[in-house]
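So you can see what is in the structure, the chains are spelled out below.
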Amino acid sequence: MQQSLLRAVELALDGDWDGAHRIAQDANEEVAHWIHAVLHKIEGDEWNSRYWYRRTSHAYEEYADPQEELRAIAAVLTGGN
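Just so you know, these numbers come straight off a predicted model, no measurement behind them.

About the criteria used
Residues numbered from 1 in each chain as written. Predicted model: local features only at pLDDT ≥ 70, side-chain atom pairs only at ≥ 80, totals over all residues. Heavy atoms only, no water. Core = buried A, V, L, I, M, F, W, Y, C linked by side-chain atoms within 4.5 Å. Buried < 20%, exposed > 50% of the residue type's maximum accessible area, 1.4 Å probe, protein only. Helix = DSSP H or I, 4+ residues; strand = E, 2+ residues; numbered from the N terminus. Axes fitted to C-alpha atoms, helices over the stretch in contact; angles between N-to-C directions. Parallel < 35°, antiparallel > 145°, perpendicular 65-115°, else oblique. Left-handed = near helix turned anticlockwise from the far one by under 90°. Contact = heavy atoms within 4.5 Å. Nonpolar A, V, L, I, M, F, W, Y, C, P; charged D, E, K, R; others polar. Salt bridge = Lys/Arg side-chain N within 4 Å of Asp/Glu carboxyl O.

(A) Quick look at the nonpolar core. One finds L5, V9, W34, I35, I73 and L77 to be the most contacted residues of the largest nonpolar core, which totals 25 residues. Counting only elements with at least two residues in this core, the list comes to α1 (2-13), α2 (17-25), α3 (30-43), α4 (46-53) and α5 (66-77). Counting residues per element, this core draws most heavily on α3, at seven residues.

Here is the structure:
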């Protein structure tokens, strides 16, 4: 699962919102919900983003830059954090 979620992060960083969203929405674990939250933040859907953040240990305001946040998620998935 971690490889799929890392792929979702890579797709999001490359601007493929739909591809990343398809992967994130099909997983039921906290890091997937975190990715899902960031994707909706990127989309500009604050309500939906906050919904997904509530399913994680992270907050909407924790990162101002979604790209930085995605890199932080990648670090978690690769054991770099």
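(B) Structural detail: the packing of α1 against α3. For the pair α1 and α3, interaxial distance at closest approach is 10 Å and the crossing angle is 15°. The pairing of α1 with α3 is recorded here as roughly parallel in orientation. Taken as a pair, α1 and α3 cross one another with a handedness that is left-handed. Where α1 abuts α3, its residues L5, A8, V9 and A12 lie against V31, A32, I35 and L39. Looking at the contact of α1 with α3, its residues break down into eight nonpolar, no polar and no charged.

(C) Expanded view of the environment of V76. Tracing the chain through its elements places V76 in helix α5. On the basis of relative accessible area, V76 is assigned to the partly exposed category, the value being 35%. Taking the C-alpha atoms as reference points, V76 and V31, 45 residues apart in sequence, are found 8.6 Å from one another.

(D) Inspection of the environment of Y60 at higher detail. Relative to the assigned elements, Y60 resides in the loop between α4 and α5. Each C-alpha atom of the pair Y60 and L70 lies 13 Å from the other, and the pair is ten residues apart in sequence. Not counting the four nearest positions on each side in its chain, Y60 is found in contact with K41, E46, S49, R50 and Y53.

(E) Spotlight on the pattern of salt bridges. A full pass over the atoms with the stated rule returns four salt bridges. Here E10 and R7 are joined by a salt bridge, their closest N and O atoms 3.7 Å apart. Residue E10 and its partner R7 are located together in helix α1, separated by three residues, close to a single helical turn. The salt bridge partner of E69 is K41, with a shortest N-O separation of 3.0 Å.

(F) Looking closely at the side chain of H33. Relative to the elements of secondary structure, H33 occurs in helix α3. We classify H33 as buried; its relative accessible area is 7%. Contacts of H33, omitting those with residues within four sequence positions, involve A27, N28, W52, R55 and T56.

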